[in-house]
Amino acid sequence: LEFRRIAAHLYRSNKRYPYSIRLSKNDGLWQDAMETAALSEDSQLAEELLRFFVENIQKDSAPKSCFAACLFTCFELIRPDVVLELSWRYGLVEFAMPYMVQTFRTFNNKLDTLYDKIEVQQQKIEDDAKAADDAKKKQIDQAANMIAPGRLMITGPGVQPVQFGANQFGANQFGGGAPSPAAASAAGGGVNPYAASGAAAFGANPYGANQFGASGGAGGNMFG
């Protein structure tokens, strides 16, 4: 028996797990068979071993505790639906309950982790959307600040921007220099009739420097 057990260990060391499990089952070495199935990380081998224990429990050639021990040793390899099916069909529900309790706890932990990841992802999406909106508003504000003051921005076909800078009729409507011909032409009219260089609001005396004075203008004193 010991030599056969050594042979099973050699098979397991060489990763020939089905042969090792077969030797252990033939010799009644249940614990060795369970450990080999868990070490193989093969779900099919673990479920086949579990079914083997169920069949031998029905024949009274294996204790019912082997069912619970196999579930504990190969917990990550056996599917919950297989455990429910076998335990319900062969009256082993009470031996399957520890496995089911741990399975539900594992599922609950996985769901909690998943919910946390989803919340973090949603928060990241909201933060990115808010940052994009802020950047867009900042660009709009910068574009508005770049518009020159004093200019009325009117767009459309045939519409020219209106300038409100210099006086259309010259430097001063009532004196201070007459407008240039170019400025007068641009203003849409002739020379300002009330503008005269270095004169008062109504220009020079049309009858000379003094109507009754000594020094006459171009025509002299009209009375003397």
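The numbering scheme is per chain: residues are counted from 1 as the chain's sequence reads. Reporting in this predicted model follows two pLDDT cut-offs: at least 70 for local features of residues, and 80 or more for side-chain atom pairs to be given and counted; totals over whole chains, interfaces and linings ignore these cut-offs and use all residues. Side-chain measures were taken over the full set of non-hydrogen atoms in the model, leaving aside hydrogen atoms and water.

### Considerations on the packing of helix α6 (residues 80-89) against helix α7 (residues 93-145)
Phase 1: Axis geometry follows a simple rule: fit a line to the C-alpha atoms, using only the stretch in contact for helices, then measure angles between N-to-C directions, giving values from 0 to 180 degrees. Helix and strand definitions here come from DSSP, where helices need a minimum of 4 consecutive H or I residues and strands a minimum of 2 consecutive E residues; each element is numbered from the N-terminal end. At a minimum axis distance of 10 Å, the contact between α6 and α7 shows a crossing angle of 160°. Here α7 runs roughly antiparallel to α6, going by the angle between their axes. For the element pair α6 and α7, the recorded crossing hand is left-handed. On α7, the residues touching Pro 80, Val 83, Leu 84, Ser 87 and Trp 88 of α6 are Val 93, Ala 96, Tyr 99, Met 100, Thr 103 and Phe 107.
Phase 2: Here the residues of the contact of α6 with α7 are counted per class, giving nine nonpolar, two polar and no charged. Each angle gets one of four labels, with under 35 degrees taken as roughly parallel, over 145 as roughly antiparallel, 65 to 115 as roughly perpendicular, and the rest as oblique. By convention, the crossing between two helices is left-handed when the near helix turns anticlockwise from the far helix through less than a right angle, and right-handed when the turn is clockwise. By definition in these notes, contact holds between two residues if any of their heavy atoms fall within 4.5 Å. The classification used treats Ala, Val, Leu, Ile, Met, Phe, Trp, Tyr, Cys and Pro as nonpolar, Asp, Glu, Lys and Arg as charged, and all other residues, Gly among them, as polar.

### A short note on unusual backbone geometry
The phi angle of most residues is negative, glycine excepted, and most peptide bonds adopt the trans form.
Phase 1: Not every positive phi belongs to a glycine, and Lys 15 is a case in point at roughly 60°.
Phase 2: With respect to the helices and strands, the residue Lys 15 is situated in the loop between α1 (2-13) and α2 (17-26).
Phase 3: Here's how the labels work: a residue is buried when its accessible area is under 20% of the maximum for its type, exposed when over 50%, partly exposed in between, all with a 1.4 Å probe on protein chains only. With a relative accessible area of 63%, Lys 15 lands in the exposed category.
Phase 4: Positioned with a positive phi, Asp 60 is a non-glycine residue whose angle comes to about 60°.
Phase 5: The topology assignment puts Asp 60 in the loop between α4 (43-58) and α5 (65-73).

### A short note on the packing of aromatic side chains
Phase 1: Aromatic rings from Phe, Tyr and Trp, with only the six-membered ring used for Trp, were paired whenever their centres fell within 6.5 Å, and each pair was classed as stacked if the ring planes differed by under 30 degrees, edge-to-face if by over 60, and tilted otherwise. All told, the structure shown has five aromatic pairs when counted by the stated rule.
Phase 2: An aromatic cluster is built from Trp 30, Phe 52 and Phe 53, whose rings are joined through pairwise contacts.
Phase 3: Either the NZ atom of lysine or the CZ atom of arginine qualifies as a charge over a ring when it sits within 6 Å of the ring centre and within 35 degrees of the ring normal. Over the ring of Phe 52 we find Lys 25; its NZ or CZ atom is 4.7 Å from the centre of that ring.

### Here we look at the confidence of the model for the protein
Phase 1: pLDDT runs from 0 to 100 and stands for how confident the predictor is about each residue. Here the protein averages 75 in pLDDT, while 65% of its residues score no lower than 70.
Phase 2: The weakest mean pLDDT in the protein belongs to helix α8 (residues 181-187) at 44; the strongest belongs to α6 at 94.
Phase 3: Segment residues 164-224 is flagged for pLDDT under 50; beyond a separation of four residues in sequence, or across chains, it makes 45 contacts in the model.

### Comments concerning the side chain of Ser 24
Phase 1: With respect to the helices and strands, Ser 24 occurs in helix α2.
Phase 2: For Ser 24, a relative accessible area of 1% gives the class buried.
Phase 3: Ignoring any residue separated from it by four or fewer positions in sequence, one finds Ser 24 in contact with Ala 8, Leu 29, Asp 32 and Ala 33.

### What about the nonpolar core?
Phase 1: Nine residue types can take part in a nonpolar core, namely buried Ala, Val, Leu, Ile, Met, Phe, Trp, Tyr and Cys, and a core is a set of them joined through side-chain atoms within 4.5 Å. Leu 49, Phe 67 and Ile 78 are the most contacted members of the largest nonpolar core, which has 29 residues in total.
Phase 2: Going through the elements one at a time, α2, α3 (30-40), α4, α5, α6 and α7 are the ones with two or more residues in this core.
Phase 3: Sorting elements by how many residues they give to this core places α4 first, with eight residues.
Phase 4: Look past the residues within four positions of Phe 67 in its chain and what remains in contact with it is Leu 50, Val 54, Ile 57, Val 83, Leu 86, Ser 87, Leu 92, Phe 95 and Ala 96.

### Concerning α5
Phase 1: When α5 is considered as a whole, its buried residues turn out to be Cys 66, Phe 67, Cys 70 and Leu 71. One face of α5 carries all of its buried residues, which in axial projection span an arc of 140°.
Phase 2: Contacts from the buried residues of α5 go to α3, α4, α6 and α7. Taken from the helix axis, the directions to the C-beta atoms give the arc we talk about.

### Some points on the environment of Leu 10
Phase 1: Here Leu 10 lies in helix α1.
Phase 2: When the C-alpha atoms of Leu 10 and Ser 20 are compared, they prove to be 7.9 Å apart, with ten residues separating the residues in sequence.

### Things to note about the side chain of Arg 12
Phase 1: On the secondary structure map, Arg 12 appears in helix α1.
Phase 2: Residues contacting Arg 12, with those up to four places away along its chain left out, are Tyr 17, Ser 20, Asp 32, Glu 35, Thr 36 and Leu 39.

### A look at the pattern of salt bridges
Phase 1: Any carboxyl oxygen of Asp or Glu that lies within 4 Å of a side-chain nitrogen of Lys or Arg is treated as forming a salt bridge with it. If you walk through the whole model with that rule in mind, you get six salt bridges.
Phase 2: For Arg 5, the salt bridge goes to Asp 32, with nearest N and O atoms at 2.9 Å. Of this pair, Arg 5 sits in helix α1 while Asp 32 sits in helix α3; the two residues are 27 residues apart in sequence, bridging distant segments of the chain.
Phase 3: According to the relative accessible area criterion, Arg 5 is partly exposed, its value standing at 32%.
Phase 4: Overall, the relative accessible area of 9% leaves Asp 32 in the buried class.
Phase 5: The salt bridge partner of Arg 79 is Glu 47, with a shortest N-O separation of 2.8 Å. With Arg 79 in the loop between α5 and α6 and Glu 47 in helix α4, the pair connects residues that are 32 residues apart, well separated along the chain.
Phase 6: Residue Glu 47 is classed as buried on the basis of its relative accessible area of 8%.

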